[in-house]
Every structure is written in C-alpha cells, then in structure tokens.
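Observations on chain architecture
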Amino acid sequence: MLNFYKTINNRVTEIPGLEDGCWVSAVAPTEEELHFLIEDMSIDSGFVRAALDEEEASRVDTDDNLTLVIVDVPTAQRASEDAAIVYSTMPMAIIYTPQHIVTVSLKENAVISEISQGMVKNIQTDQKTQFLLKMLLRIASRFLQYLKQIDKLSDTTENLLHRLMRNKEIIQLLGLEKSLVYFSSSLKSNEVTLEKLLRGRILKLREEDEDLLEDVIIEVKQAIEMCGIYSNVLSGTMDAFASIISNNLNIVMKGLTSVTIVMAIPNMIFGMYGMNVQDLPFPFFWASIALTFILMGIVAIILIKKGMFK
C-alpha cells in the first residue's frame, strides 16, 4: 500500500499523488509500488528492499544524494481476542531524498498510523530532518509505552499464578520475557544508529536538530535501562515460580508416598492371614482387623510427627 501525505494547515493530510515536500509511506508494497519507488522516484532498489527483510539490522547508509536510516520499530499483535498480546520488533526504512522522505515497512505499525492520522503535532513533511527526528522520537516513546504495558501484564499474570498456577500464565510470562529480549536487542542497535546520526557526518544537523536527536537518544537509553530492569525482574520471577512448582510437586509426592506406606499395612496383614498355614497368632477375624488399625495408627502418627503430610 502506497500513500502520500503532506502538512497542510499544520496538519498531516493525505494527498492523491506525489508532490515536493511530501511524505511517501509504503506499507507491504507490491511489485508495482516497488517499481514506482525505484524507477519513478529514482531510489536505489537496495534501499527500498532493505526494510522488507525481517532480519535487517538497524543501520545508516548513504548513496549520492540519498540517505537510508533503518530502525527497529516495536509492534504489538494479538492473534485472537482470547490470545495474549505478542510484542516484537520489525525493521522500518526511512529514506531521505532531496524532495521527499519515504518510509518502507513490512506492515502497518503504530508510529506510522499516528503520524498519518495527524495525531502527532508540529510535524512538517517539508522539513525532512525534523520529520525524521520526530519520527525517531515517536518510535522511542512507543518502546517506552510497550515496556510499561509489559510490566503491567507481568504483574497481572504473576497475581494469577499466585492463585491458579496454570501453564497458560507461565507460557505468557515466557512470551513477555522473550519480548524483552527482542526489545533490548533492537534498542541497542537503534542507539548505535542514533549515535552515528549525532556525529553530523551523514545528515547536516542544526542546533535544534541536535537537541532533538539528543532527546531521542535519552529516550532510547531510558528504554534500554527499563528493559534491563524488567528483564531481570521477570527472570527472577520465573526462577521463583519454577522453584515453587518443584516444591509443590515434592509436597504432593511426599504426601502420596506417606499414604502409600499407611495403605500397605492392611495388605501385609491380610496377606499374612490369608495364607494357607496353621498356628498363626490370634486366628480370629476381629484380631486381624484390630491389628491392622493399630499398626496403621502407629505408622500414621510417626509420619505426622515427621511432617510427611504437610
């Protein structure tokens, strides 16, 4: 899908076609749309197709009058209404051309949606450097927002585990821990890319641009720190619940073993009196029953004192 946007009356508005100073958004572009970007807009095919590779790392590249900035963008998806939210990242290419700024991504994300719907204020598509930096700032803010959501989800899941101890909640915690690993890796790659931009060798930055880029780097570093804290807390929580589950299993097995020992006594007594032999002591039915209950009581008391039923 190929869309064109331009700031009109201080608001990002969709326009029917390509104009100078506009923003071109390509989301999951078709071959025809890729041909338009490559041939009609004279953008290098490597730049255009870079973001279509899910494994593409965050980086900066230049070619003549084109500049490519690839950053990892956070995503949140829910497979179904009952399924848990899955947090991940995907690459997005921001291509800086003399007349336009172009974004290419595999699928729609929250950052593109917010900017295209005019939810972000003071966005000027004709000021390409400012547009690029504000988009990077929005991406960093989205990382922080999703990290807070992950923290709340982990707390909610932990409270459920205290009461239910089901596999569903444990699997959800594992998914959140996996998401934090993805976020940490992507944030560190983005930080390296932003540091390269801050040097001013790739893009010419004015003083206000440098201040804005420094704000973006601060947001990214804060997200990295939060990601590390949440990851350590979640890892400790998983280890604690693993110990609790193992301990609960040991308690159950200890109780079952104790019951088995007590229940083995009637089998021994009745088996002995059921043998076809003579001269058994107390050869009466009531005697075997009484002896069985006495021995069961003695063994049960001993096991209780040793805490085998706790």
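For the structure, check the block above.
All residue numbers refer to position in the chain's written sequence, counted from 1. The predicted origin of the model limits local features to residues at a pLDDT of at least 70 and limits the giving and counting of side-chain atom pairs to 80 or more, whereas totals for whole chains, interfaces and linings rest on all residues. In computing side-chain values, all of the structure's heavy atoms are included and hydrogens and water are not.

**Quick look at the overall build of the chain**
In terms of regular secondary structure, the chain is built from 7 helices and 7 strands. Counting from the amino terminus, the chain carries its helices and strands in the arrangement β-β-β-α-α-β-β-β-β-α-α-α-α-α. Computed over the C-alpha atoms, the radius of gyration of the chain is 33 Å, more than 25% above the 19 Å expected from 2.2 N^0.38 for a compact globule of 310 residues. Along the first, second and third principal axes, the C-alpha set of the chain runs to 110 × 40 × 35 Å. Out of the 310 residues belonging to the chain, those deemed buried represent 41%. We call two residues in contact whenever any of their non-hydrogen atoms come within 4.5 Å of each other. Within the chain, residue pairs in contact and separated by at least 24 positions form 62% of the contacts whose partners lie at least 6 positions apart. Reported accessibility uses the Shrake-Rupley method at a 1.4 Å probe radius. Residues are deemed covered only where the shown protein chains occlude them. Carbon and sulfur atoms make up 55% of the accessible area of the chain, which totals about 17400 Å². Numbering of helices and strands runs from the N terminus, with a helix taken as a DSSP run of H or I at least four residues long and a strand as a DSSP run of E at least two residues long. The globule rule used here is 2.2 Å times the number of residues to the 0.38 power, and the radius of gyration it is set against is calculated over C-alpha atoms. A simple rule labels every residue: compare its accessible area, found with a 1.4 Å probe on the protein chains alone, to the largest value its type can have, and call it buried under 20%, exposed over 50%, or partly exposed in between.

**Digging into helix α1 (residues 31-40)**
Inspection of α1 places Glu33, Leu34, Leu37 and Ile38 among the buried residues, and these make up the whole buried set. Along α1, the residues classed as buried sweep out an arc of 130 degrees about the axis, all on the same side. Those residues of α1 that are exposed and aimed more than 90 degrees away from the buried face are Glu31, Glu32 and Asp40. In the stretch just after α1, Ser42 is the one whose phi turns positive, near 55 degrees. By construction, the arc corresponds to the directions joining the helix axis to the C-beta atoms.

**Digging into the environment of Val192**
Here Val192 lies in helix α5 (residues 167-198). Classification of Val192 as partly exposed rests on a relative accessible area of 47%. On a C-alpha basis, the gap between Val192 and Ala287 in space is 85 Å, while along the polypeptide they are 95 residues apart.

**Examining the packing of aromatic side chains**
Paired rings are identified among Phe, Tyr and Trp, the last through its six-membered ring, by centres lying within 6.5 Å, and are further divided according to the angle between planes into stacked (under 30 degrees), edge-to-face (over 60) and tilted (the rest). Overall, the coordinates contain 6 aromatic pairs when judged by the stated rule. Taken together, a centroid distance of 6.1 Å and an interplanar angle of 80 degrees make the contact between Phe4 and Phe36 edge-to-face. With Phe4 in strand β1 (residues 2-8) and Phe36 in helix α1, the pair connects residues that are 32 residues apart, well separated along the chain. Note on Phe4: relative accessible area 10%, which makes it buried. With a centroid separation of 5.3 Å and an interplanar angle of 50 degrees, the aromatic rings of Trp23 and Phe131 are classed as tilted.

**Description of the environment of Lys152**
For Lys152, the location among the structural elements is in helix α4 (residues 128-163). Once the C-alpha coordinates of Lys152 and Gly228 are considered, the two residues, 76 residues apart in sequence, prove to be 16 Å apart.

**Some details on the nonpolar core**
In globular proteins that are soluble, nonpolar side chains generally tend to be buried together. Grouping buried Ala, Val, Leu, Ile, Met, Phe, Trp, Tyr and Cys residues that are joined through side-chain atoms within 4.5 Å yields what is termed a nonpolar core. With 54 residues, the main nonpolar core has Trp23, Ile94, Met135, Leu136 and Ile139 as its most contacted residues. Going through the elements one at a time, β3 (23-27), β5 (66-78), β6 (85-96), α3 (110-116), α4, α5 and α6 (207-273) are the ones with two or more residues in this core. When sequence neighbours within four positions are dropped, the list of residues in contact with Ile94 reads Thr67, Leu68, Val69, Val71, Ile101, Val102, Thr103, Leu132, Met135 and Leu136.

**Focus on a nonpolar patch on the surface**
Patches draw on residues past 30% relative accessible area with no salt bridge. Two like charges within 9 Å are joined, as are two nonpolar side chains (Val, Leu, Ile, Met, Phe, Trp, Tyr) within 5 Å. The term salt bridge refers to a side-chain nitrogen of Lys or Arg lying within 4 Å of a carboxyl oxygen of Asp or Glu. Taken together, the side chains of Leu291, Ile294, Leu295, Ile298 and Ile302 present a nonpolar region at the surface, about 400 Å² in accessible area. Mapped onto the elements, Ile302 comes out in helix α7 (residues 285-305).

**Examining the pattern of salt bridges**
Under the defined criterion, the tally for this structure stands at 8 salt bridges. Across the salt bridge formed by Glu114 and Arg142, the nearest N and O atoms sit 1.9 Å from each other. Taken together, the residues Glu114 in helix α3 and Arg142 in helix α4 connect sequence positions 28 residues apart. Accessibility assignment for this pair places Glu114 and Arg142 in one class, buried.

In short, the description is geometric, and any link to function would need to be established separately.
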